[in-house]
Amino acid sequence: MNTGSTAPDSYYVRTDEHRFKPTAHASGAWDETELHFSPLGGLVVHAIEGYLADRGPGGLLLSRISYDILGRLALEECEIRVETVRPGRTIELLEAVVRVAGRPVVRARAWLLAPQDTTGVEGGADDRLTPPERLAPWPMADHWPGGYIASLDVRPLAPPRPGRATAWVSTPLALVAAEPSSPLASYLALVDTANGIAVRESPKEWIFPNVDLTVHLHRRPEGRWTGLDTTVVFGPTGQGVTSTVLHDLHGPVGHAQQILTVRPVPGA
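Conventions and cut-offs
- Residues numbered from 1 in each chain as written.
- Predicted model: local features only at pLDDT ≥ 70, side-chain atom pairs only at ≥ 80, totals over all residues.
- Heavy atoms only, no water.
- Helix = DSSP H or I, 4+ residues; strand = E, 2+ residues; numbered from the N terminus.
- Rg over C-alpha atoms; globule rule 2.2 N^0.38 Å.
- Buried < 20%, exposed > 50% of the residue type's maximum accessible area, 1.4 Å probe, protein only.
- Contact = heavy atoms within 4.5 Å.
- Core = buried A, V, L, I, M, F, W, Y, C linked by side-chain atoms within 4.5 Å.
- Phe/Tyr/Trp six-rings, centres within 6.5 Å; stacked < 30°, edge-to-face > 60°.
- Salt bridge = Lys/Arg side-chain N within 4 Å of Asp/Glu carboxyl O.
- pLDDT = per-residue confidence, 0-100.
- Polar contact = N/O pair within 3.5 Å; in protein donor to acceptor, adjacent residues only side chain to side chain.

J.: Would you mind going over the overall build of the protein chain with me for this structure?
T.: Tallying secondary structure elements over the protein chain gives four helices and 15 strands in all. In terms of C-alpha radius of gyration, the protein chain reaches 18 Å, essentially the compact-globule figure of 18 Å for 268 residues. Per-residue burial for the protein chain yields a buried fraction of 47% across its 268 residues. When contacts within the protein chain are restricted to residue pairs at least 6 apart in sequence, long-range pairs at least 24 apart make up 66% of them.

Dropping the structure here:
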């Protein structure tokens, strides 16, 4: 795909009401002719929030979103359509489908729940992470290629170990050019980075892409930093799991899970 000689300071550019063109900053780590899923995950939430805004005031909170990756994510213009699967005043289920060249490549479902005042019973979360301003940047691009990884500011709390890392991630780029995005969409646009910060084996010898991403939130994330407290496990039969406790600067906000397909690089 031709993204032009200079990519805009964003991951996507809107081309019409439902279509978005990726920039070079959205290119993937496994294959630079493909999309990195992370900004696409945020774009899906951006589209869902636009759908909700068009309906008028509602007040429900996105509390879980699950993405199924159905096939190759080509670095090409995509179309996102959102519909209501289960309407309700206090609980609602939405579905968003991403298509590239007319073919579905991602199907996402989001549960929305009515807000309640539960501050009197709030509790159970872990401690806050060391704030990013006290940490040194980590050159993640030394380990992974692609425009998306190159766009990140990554600050680990300690040197990443095989299968284990805790790090803050942020980006100076907008999600969509010339459009404000919510703190939630911007936050979720960085969550899929988790599978790359705690690699168990060299990506030059093994591939371990995720085929899904599920995020559960007990609190709305705030600020420009996404905190990832990540553990990666490989099983004996080609499956793996990346599990992450999600943080913002105030503490934990939820969890993310990714199922991996683990395979040796052909010819490695």
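Now, onward.
J.: Sorry, what's going on with the nonpolar core here?
T.: A general tendency of soluble globular proteins is for nonpolar side chains to be buried together. In terms of nonpolar packing, the biggest core is built from 67 residues, with Leu-40, Ile-65, Tyr-67 and Ile-80 touching the most fellow members. Considering each element in turn, this core owes the most residues, seven residues, to helix 1 (residues 37-55). Dropping the residues within four chain positions of it, Ile-80 is found in contact with His-18, Phe-20, Leu-43, Val-44, Ala-47, Ala-96, Val-97 and Val-98.

J.: Is there a simple way to think about the environment of Val-176 in this case?
T.: Inspection of the secondary structure puts Val-176 in strand 9 (residues 174-176). On a C-alpha basis, the gap between Val-176 and Gly-71 in space is 23 Å, while along the polypeptide they are 105 residues apart. With near-sequence residues (within four places) excluded, Val-176 lies in contact with Ser-10, Tyr-12, Arg-14, Phe-20, Leu-43 and His-46.

J.: What is the right way to look at the side chain of Ser-63 in this model?
T.: Looking at the secondary structure, you find Ser-63 in strand 3 (residues 61-69). In contact with Ser-63, not counting residues within four places along its chain, are Trp-111, Leu-113, Val-215, His-216 and Leu-217.

J.: Help me understand the packing of aromatic side chains, please; the structure alone is not making it clear to me.
T.: Working definition: an aromatic ring pair is given by the centre-to-centre distance plus the angle between the planes. According to the stated counting rule, one finds six aromatic pairs in the structure shown. Here the aromatic rings of Trp-30 and Phe-208 are separated by 5.0 Å at their centres, their planes lie at 90°, and the arrangement is edge-to-face. Within this pair, whereas Trp-30 is found in the loop between strand 2 (19-22) and helix 1, its partner Phe-208 is found in the loop between strand 10 (206-207) and strand 11 (212-217), the two being separated by 178 residues in sequence. Residue classification places Trp-30 among the partly exposed positions, given a relative accessible area of 36%. Residue class for Phe-208 comes out buried when judged on its relative accessible area of 1%. Relative to Phe-208, the ring of Trp-144 lies with its centre 6.1 Å away and its plane at 80°, an arrangement referred to as edge-to-face. Separated by 64 residues along the polypeptide, Trp-144 in the loop between strand 6 (103-113) and helix 2 (147-150) and Phe-208 in the loop between strand 10 and strand 11 bring together distant segments of the chain. A single burial state applies to Trp-144 and to Phe-208, both of which are buried.

J.: Help me out: how do you make sense of the pattern of salt bridges in this one?
T.: Side chains carrying opposite charge are able to pair once their charged atoms draw close together. Inspection of the entire model under this criterion finds eleven salt bridges. Ionic pairing is found between Glu-92 and Arg-55, a salt bridge with its closest N-O pair at 2.7 Å. Highlighted residues: Glu-92 in strand 5 (residues 91-100) and Arg-55 in helix 1, separated in sequence by 37 residues. Classification of Glu-92 as buried rests on a relative accessible area of 4%. Here the salt bridges share partners, and the residues they tie into one network are Asp-16, Arg-19 and Glu-77.

J.: Can you help me understand the confidence of the model for the protein chain in this one?
T.: As a general rule, the predicted coordinates of low-pLDDT regions are not to be interpreted in detail. In this model, the protein chain carries an average pLDDT of 95, and 97% of its residues clear a pLDDT of 70 or more. Scored below 50 in pLDDT, residues 1-5 makes eight contacts in the model with residues more than four places away or belonging to other chains.

J.: I would appreciate a short explanation of the side chain of Thr-242 in the present structure.
T.: Along the chain, the position of Thr-242 falls in strand 13 (residues 239-248). According to the relative accessible area criterion, Thr-242 is buried, its value standing at 0%. Within the structure, Thr-242 has its side chain in polar contact with the side chain of Asn-195 (distance 2.8 Å).

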